[in-house]
Amino acid sequence: MSSTFRIPPLAELRRRRSAKWQTFPHDVLPLPVAEMDFPLAGPVAAALHQAIRHSDTGYAAPTADLAKAVAGYAHRTWHWPIDPEGVHTVADVGIGIVETLRRIVAPGDSVVISPPVYEPFSWWVQEVGARVVEAPLTEAPLADGTVRGPRLDLDALERAFAGGARAYLLCSPHNPLGLVHPREDLVALAELADKYGVFVLADEIHAPLVLPGADFVPFLSVSDEARRWGFAFLSASKGWNLAGLKAATIITADPAPQRYVDRMSPHSLYRTGHLGVIATVAAFNNGDPWLAEVLDVLDRNRALLAELLDKHLPAAHYTPPQASFLAWIDFRDLGWGDDPAARILDTAKVALNSGHRYGFSGFARLNFGCAPQTLTEAITRIAGSC
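Residues numbered from 1 in each chain as written. Predicted model: local features only at pLDDT ≥ 70, side-chain atom pairs only at ≥ 80, totals over all residues. Heavy atoms only, no water.

S.K.: Is there a simple way to explain the overall build of the chain in this structure?
M.R.: Looking only at helices and strands, the chain features 14 helices and 13 strands. For the chain, the C-alpha atoms occupy an extent of roughly 60 × 55 × 35 Å along the three principal directions. Considering the chain as a whole, with its 386 residues, one finds that 56% of them fall into the buried category. Residue pairs in contact within the chain that sit at least 24 positions apart in sequence constitute 72% of those at least 6 positions apart. (Helix = DSSP H or I, 4+ residues; strand = E, 2+ residues; numbered from the N terminus. Buried < 20%, exposed > 50% of the residue type's maximum accessible area, 1.4 Å probe, protein only. Contact = heavy atoms within 4.5 Å.)

Okay, here's the thing in structure tokens:
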């Protein structure tokens, strides 16, 4: 980490007015909400300051700048060629997924998810009147007998698809595990989608945060089948900490899914934050050096968390994630019940996400996108409350 990358101290962070810092009393260390404690990237801050100086706070304009920035970043980072004509602006990934679902499913249709997975996936399916079908991740051995750890359960997905599912919500990288799906699994998923006529909506919001040792593969890049049945949803909101500014994209690479996006209201652009578009363009065009520093911090923090748990809470089980700043921790051997996060908040004054909301009791999700000192204090507090 360079000397110019300064993580604000807790006293300064507590002056922020976002949900992470306003939900809990000041004696609680808040590590649930998926936003990082880091300063804005310099190019993003400069672009926003310039807009404010010019009182440029109106509606988002129909500009090609965002699509070109997304395409440039994807090609530079993942060697993924995106046609800017296939990039559609929406307010955030959640809204993009919901509005896409509205156009491809009817009330009562089945939509598949793979727990443990980001809690709003279920909400979004129910919001459009569809039915949630679960195909949980698996740790079953591969055909050659090897165990690769959690991964997509392709057999369970095929059963769900064959049962009449209309769509599948793919979390890639997979929140809360930080799992980066290998190309072969994505290729197999696309083949199943093509066989059964199932749309795949790939939430790739954490893709810019893939950590050393893993390689992210965009779903739409893997095959013609993926492009024929897939939608990708990409934003700078997680990588550059811009969630409150409201700008994201839906990406298509084939006329078949594109026709559903074309049916969206033309007013969807004006529901996007103008400052969000400005910040996102700056992030994707000029934010690589800052992001590299963030990834270095996160890489060291995921290792630090393993060391802290091994020293202070050896009965808690944790596999360092391949992506993002979220840790999925198994507290079941400590006997802290179905919702250890509730106990930890009460006794240690550390706020985590409850695992049962992601589909698995006895687990909790911890945000390590913070200063090492904050992470150390959190784990020592939790251990001290045993």
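S.K.: What exactly am I supposed to notice about helix α7 (residues 154-162) here?
M.R.: What sets the pattern is the α-helix's 3.6 residues per turn: residues three or four places apart point alike. By the burial criterion, the buried members of α7 are Ala156, Leu157, Ala160 and Phe161. Take α7 and look down its axis: the buried residues cluster within an arc of 135 degrees, on one side only. The exposed residues of α7 that point more than 90 degrees off its buried face are Asp155 and Arg159. For α7, the N-terminal cap is Asp153; the gap from its side-chain oxygen to the backbone nitrogen of Asp155 is 3.2 Å. (Arc of directions from axis to C-beta. Polar contact = N/O pair within 3.5 Å; in protein donor to acceptor, adjacent residues only side chain to side chain.)

S.K.: What exactly am I supposed to notice about the pairing of strand β6 (residues 199-203) here?
M.R.: Consecutive side chains along a regular strand alternate between the two faces of the sheet. The buried fraction of β6 is high, at 5 of 5 residues. Covered by surrounding structure in β6 are Phe199, Leu201 and Asp203 together with Val200 and Ala202, the residues of both alternating faces. Of the pairings in the sheet, the one linking strand β5 (residues 167-171) to β6 comprises 5 bridges and is parallel in character. Among the inter-strand pairings, Cys171 is bridged to a residue of β6, identified as Asp203. In this region the chain leaves β6, passes through helix α9 (residues 224-229) and returns to the parallel neighbour strand β7 (residues 230-234); the handedness of that crossover is right-handed. (Pairing = 2+ DSSP bridges. Right-handed = clockwise from strand over helix to strand, strands pointing away.)

S.K.: Teacher, can you tell me more about the sheet that holds strand β12 (residues 353-354) here?
M.R.: Sheets are built from strands paired through backbone hydrogen bonds, the pairs being either parallel or antiparallel. Strand order in the open sheet made by the 4 strands is β9-β10-β13-β12, with antiparallel pairing throughout. For this open sheet the edge positions go to β9 (317-318) and β12, each flanked by a neighbour on one side alone. With 2 bridges connecting them, β9 and strand β10 (residues 326-330) associate as antiparallel partners. Bridge pairing links His317 to Asp330 in β10.

S.K.: Any chance you could explain the packing of aromatic side chains here in plain terms?
M.R.: Two aromatic rings are characterised by how far apart their centres lie and by the angle between their planes. Counted under the stated rule, the structure contains 16 aromatic pairs. Summarising the aromatic geometry, the rings of Phe331 and Trp336 are spaced 5.6 Å apart at their centres and angled 20 degrees between planes, so their arrangement reads as stacked. For the pair Phe331 and Trp336, one class covers both residues: buried. On the numbers, 6.0 Å between centres and 90 degrees between planes, the contact of Phe360 with Phe363 is edge-to-face. Each residue in the set Tyr73, Trp78, Phe216, Trp240 and Phe284 is aromatic and connected to the rest through ring pairs, giving one cluster. One Lys or Arg, Arg343, reaches over the ring of Trp336 and ends 4.2 Å from the middle of that ring. (Phe/Tyr/Trp six-rings, centres within 6.5 Å; stacked < 30°, edge-to-face > 60°. Lys NZ or Arg CZ within 6 Å of the ring centre and 35° of its normal.)

S.K.: Hey, could you run me through the sheet that holds β7 in this one?
M.R.: Across the sheet, which stays open at both edges, the 7 strands sit in the order β2-β8-β7-β6-β5-β3-β4 with mixed pairing between neighbours. At either margin of the open sheet sits one strand with a lone partner, and together these are β2 (87-90) and β4 (131-134). The average undirected angle you get between the axes of adjacent strands in this sheet is 25 degrees. Sheet strands touched by helix α4 (residues 65-78): β2, β7 and β8 (248-251). Its angle to β8, the strand with the most contacts, is close to 70 degrees. (Axes fitted to C-alpha atoms, helices over the stretch in contact; angles between N-to-C directions.)

S.K.: How do you make sense of the side chain of Asp37 when you look at a structure like this?
M.R.: Looking at the element boundaries, Asp37 is found in the loop between β1 (29-30) and α3 (42-53). In this structure Asp37 comes out as buried when scored by relative accessible area, which is 1%. Within polar-contact distance, the side chain of Asp37 engages the side chain of Lys20 at 2.6 Å. The residues touching Asp37, leaving out its near neighbours within four places in the chain, are Ile7, Pro8, Leu13, Arg16, Lys20, Trp21, Gly369 and Cys370.

S.K.: I tried to follow the packing of α4 against helix α11 (residues 274-286) on my own but got confused; where do I start?
M.R.: Each packed pair of helices is defined by two parameters, the angle between the axes and the distance between the axes. Look at α4 against α11: their axes get within 8 Å of each other, and the N-to-C directions meet at 25 degrees. One way to sum up the angle between α4 and α11 is to call them roughly parallel. Taken as a pair, α4 and α11 cross one another with a handedness that is left-handed. Residues Asp65, Leu66, Ala69, Val70, Tyr73 and Arg76 of α4 form the contact with α11, whose own contacting residues are Val277, Thr280, Val281, Phe284 and Asn285. Each residue belonging to the contact of α4 with α11 can be placed in one class, and the counts come to 7 nonpolar, 2 polar and 2 charged. (Parallel < 35°, antiparallel > 145°, perpendicular 65-115°, else oblique. Left-handed = near helix turned anticlockwise from the far one by under 90°. Nonpolar A, V, L, I, M, F, W, Y, C, P; charged D, E, K, R; others polar.)

S.K.: I tried to follow the pattern of salt bridges on my own but got confused; where do I start?
M.R.: Side chains bearing opposite charge may pair, as long as their charged atoms lie close to each other. Within the structure shown, the criterion is met by 15 salt bridges. For the salt bridge of Asp288 with Arg76, the shortest nitrogen-to-oxygen distance reads 2.8 Å. Here Arg76 lies in helix α4 and Asp288 lies in helix α12 (residues 288-312), a separation of 212 residues in the sequence. Overall, the relative accessible area of 38% leaves Arg76 in the partly exposed class. (Salt bridge = Lys/Arg side-chain N within 4 Å of Asp/Glu carboxyl O.)

S.K.: Which parts of the structure should I look at to understand the environment of Arg6?
M.R.: Within the fold, Arg6 resides in the segment before α1 (10-13). Counting along the chain gives 376 residues from Arg6 to Ile382, while the straight-line C-alpha distance between them is 26 Å. With sequence-adjacent residues up to four places away left out, Arg6 is seen in contact with Glu12 and Pro39. Separated by 2.7 Å, the side chains of Arg6 and Glu12 make a polar contact.

S.K.: So what exactly am I meant to see when it comes to helix α10 (residues 255-262) here?
M.R.: Three or more residues of α10 are buried, namely Pro257, Gln258, Tyr260 and Val261. Buried positions in α10, seen along its axis, are confined to an arc of 155 degrees and lie on one side of it. α10 presents Pro255 and Asp262 as exposed residues on the side facing more than 90 degrees away from its buried surface. Buried residues in α10 make contact with β2, α5 (93-104), β6, α9, β7 and β8. Looking at where α10 begins, the residue whose side-chain oxygen comes 2.8 Å from the main-chain nitrogen of Ala256 is Asp254.

All quantities given are derived from atomic positions and should not be read as evidence of function.
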